[in-house]
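This is what each chain is made of:
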Amino acid sequence: MTDVPIRDDMIRLGQFLKLASVIETGGEAKLRIAAGEVTVNGEVEVRRGRQLHRGDVVGIDGARLRVA
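About the criteria used
Residues numbered from 1 in each chain as written. Predicted model: local features only at pLDDT ≥ 70, side-chain atom pairs only at ≥ 80, totals over all residues. Heavy atoms only, no water. 1 Å grid on protein atoms, 1.4 Å probe; cavity = no way out; pocket = protein on both sides within 12 Å on 5 of 7 lines; lining within 4 Å. Points joined across faces, edges and corners; volume = space filled by probe spheres on them. Helix = DSSP H or I, 4+ residues; strand = E, 2+ residues; numbered from the N terminus. Nonpolar A, V, L, I, M, F, W, Y, C, P; charged D, E, K, R; others polar. Core = buried A, V, L, I, M, F, W, Y, C linked by side-chain atoms within 4.5 Å. Buried < 20%, exposed > 50% of the residue type's maximum accessible area, 1.4 Å probe, protein only. Contact = heavy atoms within 4.5 Å.

Let's talk about the layout of surface pockets
So, point 1. Considering only enclosed or pocket space, the largest pocket measures out at about 150 Å³ in volume.
So, point 2. Lining the largest pocket, in full, are I6, R7, D8, M10, I11, Q15 and L19.
So, point 3. Of all the secondary-structure elements, those providing two or more residues to the lining of the largest pocket are β2 (10-12) and α1 (13-19).
So, point 4. Here the lining of the largest pocket is built from residues that sort into four nonpolar, one polar and two charged.

Observations concerning the nonpolar core
So, point 1. Among the nonpolar cores identified, the biggest contains 17 residues, and L13, F16, L17, V38, L52 and V58 are the most heavily contacted of them.
So, point 2. Excluding its chain neighbours within four sequence positions, the residues that come into contact with F16 are V4, I6, I11, L52, V58, L65, R66 and V67.

Shape descriptors only; they carry no functional weight alone.
This is the structure:
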């Protein structure tokens, strides 16, 4: 699992994926999330605007990324 530090108390899912460098654009985030390819805390998440807080774990392409 990889820790990805954030500046504020929360971050939106689409922004987090870009920050973690697992996707390149907001458009790609939108498509991948809508296709059900992203999980948050083990459950498929289809809302790009989902708010993440420290300790949440995002899964994509076999990678697990923890909001730190």
